[in-house]
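Below are the chains, spelled out letter by letter.
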Amino acid sequence: MTGLPAGRLLPGKQMRTGKQVRPGERLRTGERLRTGERLRAVANWANLSTPAGLVLARITGCRVRRGAGGLRYALGYRPPLPAAGAFTVGNVVFFRPALARPESHPVLLAHEGRHCTQYALCLGLPFLPLYFAAAGWSWLRTGDPASRNVFERAAGLEAGGYAERPPRPLAALWRSRRPGPPDHPKRPERSQRPLG
């Protein structure tokens, strides 16, 4: 991963060229990609997840621009779902209007960049059902779709703005799901029925 994405860097950080970056200085978005970033970008184009992300950006009226590490930023996402402030489809990272300057959120960008890598590792769009299954498991275990979601944990819960919730005991979940006693009395067996 890229560590800190292009845009504003923390004072004293160095660009890949080794040049010292002054506070507030911006990196060029045309900066050469690292081998892993290039492989991720090629994989997500080949598995069609990045083209799908660009189609979604066009349909939803987002403004798309190049970002760091081979990512594309889709700015101004307004539909209600998903409710997150940022999410990823392939190498396209969608941002709500409140996050109009992605470079000012380097920790969130790194988190979303890790999701881009997860798309590549899952061969593209199969990432989505796997992610939703993991979110369902997390919701069942914690009441929260992120806390036990393997993809969110690998991308960094805190970096994505999530708080970790403790798991609920599975036995308590199953007991709470079993139906209670019936409202009517149990019918007696034949040998217990009165004769006559």
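Residues numbered from 1 in each chain as written. Predicted model: local features only at pLDDT ≥ 70, side-chain atom pairs only at ≥ 80, totals over all residues. Heavy atoms only, no water.

**Q** How would you sum up the pairing of strand E1 (residues 63-66)? Please name residues and give values.
**A** Two elements, E1 and strand E2 (residues 72-75), share four bridges in a ladder whose sense is antiparallel. Counted as the bridge partner of Val64 is Ala74 from E2. A loop of five residues connects E1 with E2, the two strands running antiparallel in sequence, and Gly69 in this loop sits at a positive phi of about 65 degrees. (Pairing = 2+ DSSP bridges. Helix = DSSP H or I, 4+ residues; strand = E, 2+ residues; numbered from the N terminus.)

**Q** Describe the packing of aromatic side chains, with residues and values.
**A** The final tally for this structure, using the stated rule, is nine aromatic pairs. Seen in terms of ring centroids, Tyr77 and Phe87 are 4.9 Å apart; in terms of plane orientation they differ by 75 degrees. Their pairing is edge-to-face. Of this pair, Tyr77 sits in the loop between E2 and strand E3 (86-89) while Phe87 sits in strand E3, and the two are ten residues apart along the sequence. Pair check on accessibility: Tyr77 and Phe87 agree, each one buried. Note on Tyr77 and Phe94: the rings are 5.6 Å apart at their centroids and 75 degrees apart in plane angle, and the pair reads as edge-to-face. One end of the pair, Tyr77, is in the loop between E2 and E3; the other, Phe94, is in strand E4 (residues 92-95), and 17 residues separate them in sequence. Judged by its relative accessible area of 4%, Tyr77 falls in the buried class. Following the ring pairs from residue to residue traces out a cluster consisting of Tyr119, Phe127, Tyr131, Phe132 and Phe151. (Phe/Tyr/Trp six-rings, centres within 6.5 Å; stacked < 30°, edge-to-face > 60°. Buried < 20%, exposed > 50% of the residue type's maximum accessible area, 1.4 Å probe, protein only.)

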